[in-house]
Amino acid sequence: NTGLPQNICTIKRARLTGPPCLVEIRAIRDIGNSAFSLMSVRQNCMDRADPAGLVREDEEDVEEDEGPVPNYPRGMLRLELSGDFTTVKAVEYKSIPQLKLGVTPLGYKILLKDVQIRRGILFLEPETIELEVHQAEDHEAMQNEIFLRSLRRRLG
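Only a predicted model underlies this, so the values are computations on that prediction, with no experimental measurement involved.

**Considering unusual backbone geometry**
At step 1: Phi is positive for Asp-114, close to 55°, though the residue is something other than glycine.
At step 2: With respect to the helices and strands, Asp-114 occurs in the loop between β5 (109-112) and β6 (115-118).
At step 3: For Arg-119, which is not a glycine, the phi torsion comes out positive at approximately 50°.
At step 4: In this fold, Arg-119 is placed in the loop between β6 and β7 (121-124).

**A look at the side chain of Arg-42**
At step 1: Mapped onto the elements, Arg-42 comes out in helix α1 (residues 35-49).
At step 2: According to the relative accessible area criterion, Arg-42 is buried, its value standing at 8%.
At step 3: Non-local contacts of Arg-42, meaning those with residues more than four positions away in its chain, are made with Tyr-72, Asn-144, Phe-147, Leu-148 and Leu-151.

**Concerning the nonpolar core**
At step 1: In this structure, Leu-4, Ile-25, Leu-79, Leu-81, Leu-112, Leu-122 and Leu-124 are the most contacted members of the largest nonpolar core, which totals 34 residues.
At step 2: Counting only elements with at least two residues in this core, the list comes to β2 (21-30), α1, β3 (77-82), β4 (87-92), β5, β6, β7 and α2 (137-155).
At step 3: If we ignore the near neighbours within four places in the chain, the residues touching Leu-81 are Val-23, Glu-24, Ile-25, Arg-26, Thr-86, Thr-87, Val-88, Ala-90, Ile-110, Leu-122 and Leu-124.

**Considering the environment of Thr-128**
At step 1: With respect to the secondary-structure elements, Thr-128 resides in the loop between β7 and β8 (129-131).
At step 2: Sequence separation of Thr-128 and Leu-112 is 16 residues, and the distance between their C-alpha atoms is 6.0 Å.
At step 3: The residues contacting Thr-128, other than those within four sequence positions of it, are Leu-111, Leu-112, Lys-113, Asp-114, Val-115 and Phe-123.

**Details of the sheet that holds β8**
At step 1: Pairing is mixed in the open sheet, where eight strands are placed in the order β1-β6-β7-β4-β3-β2-β5-β8. Across the chains shown, the open sheet's two edge strands, defined by having one partner strand only, are β1 (13-16) and β8. Averaged over all pairs of adjacent strands, the angle between their axes in this sheet comes to 35°, without regard to strand direction.
At step 2: Looking at chain direction, β5 and β8 are connected through three bridges and run antiparallel. Each bridged residue has a counterpart across the sheet, and for Leu-111 the counterpart in β8 is Glu-130.

**Some points on the confidence of the model for the protein**
At step 1: Residues of the protein with pLDDT of at least 70 account for 79%, and the chain-wide mean is 81.
At step 2: β7 holds the highest mean pLDDT among the elements of the protein, 95, whereas α2 holds the lowest, 73.

**Here's the deal with the packing of aromatic side chains**
At step 1: Summed over all chains, the structure comprises one aromatic pair.
At step 2: Seen from the ring of Phe-123, Arg-118 lies directly overhead, with NZ or CZ sitting 5.7 Å from the centre.

**Description of the side chain of Gln-116**
At step 1: With respect to the helices and strands, the residue Gln-116 is situated in strand β6.
At step 2: Given the relative accessible area of 14%, Gln-116 is considered buried.
At step 3: Residues in contact with Gln-116, not counting those within four places in the same chain, are Ala-14, Arg-15, Ile-121, Leu-122 and Phe-123.

Scoring rules and cut-offs
Residue positions are counted from 1 within each chain, in the order its sequence is given. Residues qualify for local features only when their pLDDT is at least 70, as the model is predicted, and side-chain atom pairs are given and counted only at 80 or more; totals for whole chains, interfaces and linings, by contrast, use all residues. Here the side-chain values reflect all heavy atoms present in the structure, with hydrogen atoms and water set aside. Helix numbering and strand numbering both begin at the N terminus, where a helix is a DSSP run of H or I of at least 4 residues and a strand a DSSP run of E of at least 2. Any residue under 20% of the maximum accessible area for its type is buried, any over 50% is exposed, and the rest in between are partly exposed; the area is computed with a 1.4 Å probe on protein chains only. Working rule for contacts: check all heavy atoms of both residues, and any pair within 4.5 Å makes them a contact. Grouping buried Ala, Val, Leu, Ile, Met, Phe, Trp, Tyr and Cys residues that are joined through side-chain atoms within 4.5 Å yields what is termed a nonpolar core. When DSSP finds two or more bridges between a pair of strands, those strands are recorded as paired. To get an axis, fit a line to the C-alpha atoms, keeping to the stretch in contact for a helix; angles then go from 0 to 180 degrees between the N-to-C directions. pLDDT runs from 0 to 100 and stands for how confident the predictor is about each residue. Pairing of aromatic side chains requires ring centres within 6.5 Å, counting the rings of Phe and Tyr and the six-membered ring of Trp. Pairs whose planes differ by under 30 degrees are stacked, by over 60 edge-to-face, and all others tilted. Geometrically, a charge over a ring is one whose NZ (Lys) or CZ (Arg) sits within 6 Å of the ring centre while staying within 35 degrees of the ring normal.

Next up, the structure:
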């Protein structure tokens, strides 16, 4: 059995040992920054994306001083990971630079090895995970909606 233990959410303190375990990211959010600041950056990105195609590249009156599209501020990420039949919460115990809010797609695969578990939550560190390149396209299509829903829930 190379999946997550079915009782992982009830484990008080242990390590996930044995063969590496493949999981996928079902949700990702930043718990180190306010929902308001994340929503502001998201709105700024959406405004600059011009989804309606109203701004043409050859127009002269485009403001030059807008600068690059802002990145989301980086705090601690909280993830929801799914194994074969089990879903578990995880947090970045140490920053993992490859995981980025708004960039890392849902459905992205992670290989877990020797991960610390406390009160049913996985504590992720760069040494205990390996990012895989495979992703599920159905999750990617819903990523923006899931992210917006979680921000709205946090804002009340």
